[in-house]
Amino acid sequence: MNEYEVVVETINPCGGASHAKREIIEVTAASPEDYVRREGRFPVLDRVETPDGICLITGDGAGNFVRYTFSD
């Protein structure tokens, strides 16, 4: 199991990314994908690796997104 610091941004179609609800949590999981599969509301749409970590974007296809940014 790995420990991650995760920035969770909940984005709705009305407010967009500029009005996203943001929170920072610490999680223990086998992988970022494993955590999102277990705890996320929506399926994973995209995975992006950045210099800061791994970003997983989930959504419902109707404009609601949750972006998880994992760093070690």
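Above: the structure in question.
Residues numbered from 1 in each chain as written. Predicted model: local features only at pLDDT ≥ 70, side-chain atom pairs only at ≥ 80, totals over all residues. Heavy atoms only, no water.

Enquirer: Got a sec to walk through the overall build of the protein chain? Specific residues and values, please.
Expert: Broken down by element type, the protein chain carries one helix and five strands. Reading the protein chain from its N end, one meets helices and strands in the order β-β-α-β-β-β. For the protein chain, the C-alpha radius of gyration of 12 Å lies close to 11 Å, the compact-globule estimate for 72 residues. If you line up the protein chain on its principal axes, its C-alpha atoms span 35 × 20 × 20 Å. Considering the protein chain as a whole, with its 72 residues, one finds that 31% of them fall into the buried category. For the protein chain, restricting intrachain contacts to residue pairs at least 6 apart in sequence, the fraction spanning at least 24 positions comes to 43%. Within the protein chain, the 13 negative side-chain charges are centred at a point lying 6 Å from the centre of the 7 positive side-chain charges. (Helix = DSSP H or I, 4+ residues; strand = E, 2+ residues; numbered from the N terminus. Rg over C-alpha atoms; globule rule 2.2 N^0.38 Å. Buried < 20%, exposed > 50% of the residue type's maximum accessible area, 1.4 Å probe, protein only. Contact = heavy atoms within 4.5 Å. Lys, Arg positive; Asp, Glu negative; His and termini not counted. Charge placed at Lys NZ, Arg CZ, Asp CG, Glu CD.)

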